[in-house]
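What follows is each chain in one-letter form.
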Amino acid sequence: MIGRLADGFSWGVATSAYQIEGSPFSDGAGESIWDRFVRTKGTVAGGDTGDIACDHYRRMEEDVALMARLGVDTYSFSIAWTRVIPDGHGVVNSAGLDFYDRLVDTLLANGIEPCPTLYHWDLPQALQDRGGWPERATVDAFVHYADVVSSALGDRAKHWITHNEPWVASMLGYLEGAHAPGLRDWRAALPAAHHLLLSHGRSVPIIRANVPGASVGITIDCRPTVPASSDPADLAAQRHFDGFRNRWFFDPVFGRGYPEDIVATYRDRGRFEGARPPFDQQGDMAEIAAPIDFLGVNYYTSLTVAAGADEIEDTGVAPGPNPPGGHTEMGWPITPAALSQFLKRVHDDYGPDRIIVTENGASFSDAPGPDGRVRDERRIRYLSEHIEAVADAAAQGVPVVGYYVWSFMDNFEWSLGYSQRFGLVFVDFATGERTPKDSFHWYARLIRG
Ligand code: IFM
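Just so it is clear, the model here is predicted, and its values are computed rather than measured.

Draft legend 1. Representation of the overall build of the protein. A tally of regular secondary structure across the protein gives 15 helices and 12 strands. The C-alpha atoms of the protein give a radius of gyration of 21 Å, which matches the 22 Å a tight globule of 449 residues would have. In terms of overall dimensions, the protein has C-alpha extents of about 60 × 55 × 45 Å along its principal axes. Within the span of the protein, comprising 449 residues, buried residues form 61% of the whole. For the protein, the share of sequence-separated contacts (at least 6 apart) that also reach a separation of at least 24 residues comes to 77%. Accessible surface, the protein: about 15900 Å² in total, of which carbon and sulfur atoms supply 50%. Taking the average place of the 39 positive charges on the side chains of the protein and the average place of its 60 negative ones, the gap between the two points comes to 2 Å.

This is how it looks when you write it as structure tokens:
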């Protein structure tokens, strides 16, 4: 039994464009870095692509009807920049914008609040060809795109997220090379992160100007860290990893600038030219810290950090072979208590007015049994433990006002292709058939209750 969540608490589900839509080049859409990346040999498990994905671009009405059955208050989806502005900065493609226009109308007709995210990693390839996020000009292109989309949808969509998970977009895309555009270069990754944050800050006032009654935020993925022991070397490693993974993004958004300890380390390791990050120009920090209405936090797992951990290695940081809560099929330890602790920390350290857990969920590959039912008890357990953790944080005074399950339906899990299933709805990728899992019915009951 989950209690103690405020009246008006918003229950939702989340997806993103490239992971579900398919039809990437329909109706005049341009190529994105993911369209290019998936066609590069060896980048995605099984050679999978998002060309069809869940075919949501063509089955949108059916999917919204299923969301209405689920009873969610909010649907968090992302907009494909390449549908709206195929080359990223030039002419607007009204046919692409129409899809999101219809999506917003269909959601509202079903009593579901639309929550568009402007950027969930699918940069127009034409912008990448000019240097991508490491280039400052990409900020201007994003601001133009934010202006176009918020003007078109802002009479009906009030709840906006600028970016989803800037750590992933910059570090997996430009440092680890595991995501598009597949670069491995600190001197690209750090400016990329900076320009993502700057484009967030610059677009907040534009969205506000275009959207009467707007509520605007950014979603940052958090990875709480725990030291492997009280040995000073482990403590130092943990503090560094926390800086790399969390503070480098949270601090600037809340007006603290980049954390000095991490600036010093990056400088000492030659990760930028000169004494200070050269990409951080006068006035940028003030723009990045534009006041927001809410902070989105995505949470999946925590990390135990030992001395010598390689910060480039996202997952391999000594989680221990058998964490008490077990692992999901991503190999991620199940650590719900770290979610309430992190929400409390965000509240204490940064004091956002409102927090929404904009993604939380688990990959388990349960499939329909002979009776057609998908018995995904492990997902139900994971979700209920994490929602309980959110309620614990709320009971400690954290202003958490919403929770969105990742994901509404099974979808394309980036470099892991279709090998991971996060959905409340099972998708048969051969036929497109949707089957609500037991977790769907459980979540529907929870929302009703
Ligand atoms: O599928 C991703 C999503 O795109 C962003 N957050 C984490 C999810 C699970 O890995």
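From this point on, the discussion continues.
Draft legend 2. Inspection of the site of the ligand at higher detail. In the vicinity of the ligand, the contacting residues are Q19, H120, W121, N164, E165, Y300, W332, E359, W406, E413, W414 and F422. At 2.8 Å from an oxygen atom of the ligand is found a side-chain nitrogen or oxygen belonging to H120. With the chains in place, 95% of the 280 Å² that the ligand exposes on its own is no longer accessible. Considering only residue class, the shell around the ligand consists of six nonpolar, three polar and three charged.

Draft legend 3. How the structure looks around the sheet that holds strand 1 (residues 10-14). The eight strands lie next to each other as 1-2-3-4-5-7-9-10, forming a closed barrel whose pairing is parallel. Here the average twist between neighbouring strands, direction ignored, is 25 degrees. In the sheet, strand 1 pairs with strand 2 (residues 74-78) via three bridges, with the strands oriented parallel. From the neighbouring strand, G12 faces strand 2, where its bridge partner is T74. Helix-sheet contacts for helix 15 (residues 438-448) involve strand 1 and strand 10 (400-406), and the interaxial angle to strand 1 is about 155 degrees.

Draft legend 4. Spatial organisation of the packing of aromatic side chains. If you walk through the whole model with that rule in mind, you get 36 aromatic pairs. Aromatic pair Y18 and W34: ring centres 6.2 Å apart, planes at 35 degrees, arrangement tilted. Of this pair, Y18 sits in helix 1 (residues 17-20) while W34 sits in helix 2 (residues 33-37), placing them 16 residues apart in sequence. For the residue pair Y18 and W34, the accessibility class agrees, reading buried in each case.

Draft legend 5. Structural view of the environment of W121. Along the chain, the position of W121 falls in the loop between strand 3 (113-119) and helix 6 (125-129). For W121, a relative accessible area of 7% corresponds to the buried category. The spatial distance from the C-alpha of W121 to the C-alpha of P166 is 8.6 Å, given a sequence separation of 45 residues. Discounting residues that sit within four places of it in the chain, W121 has contacts with I33, W34, N164, E165, V168, A169, H179 and W414. A distance of 2.9 Å separates a polar atom in the side chain of W121 from the backbone oxygen of N164.

Thresholds applied
Residues numbered from 1 in each chain as written. Predicted model: local features only at pLDDT ≥ 70, side-chain atom pairs only at ≥ 80, totals over all residues. Heavy atoms only, no water. Helix = DSSP H or I, 4+ residues; strand = E, 2+ residues; numbered from the N terminus. Rg over C-alpha atoms; globule rule 2.2 N^0.38 Å. Buried < 20%, exposed > 50% of the residue type's maximum accessible area, 1.4 Å probe, protein only. Contact = heavy atoms within 4.5 Å. Areas by Shrake-Rupley, 256 points an atom, 1.4 Å probe, with all protein chains shown as cover. Lys, Arg positive; Asp, Glu negative; His and termini not counted. Charge placed at Lys NZ, Arg CZ, Asp CG, Glu CD. Near = heavy atom within 4 Å. Polar contact = N/O pair within 3.5 Å; in protein donor to acceptor, adjacent residues only side chain to side chain. Nonpolar A, V, L, I, M, F, W, Y, C, P; charged D, E, K, R; others polar. Pairing = 2+ DSSP bridges. Axes fitted to C-alpha atoms, helices over the stretch in contact; angles between N-to-C directions. Phe/Tyr/Trp six-rings, centres within 6.5 Å; stacked < 30°, edge-to-face > 60°.

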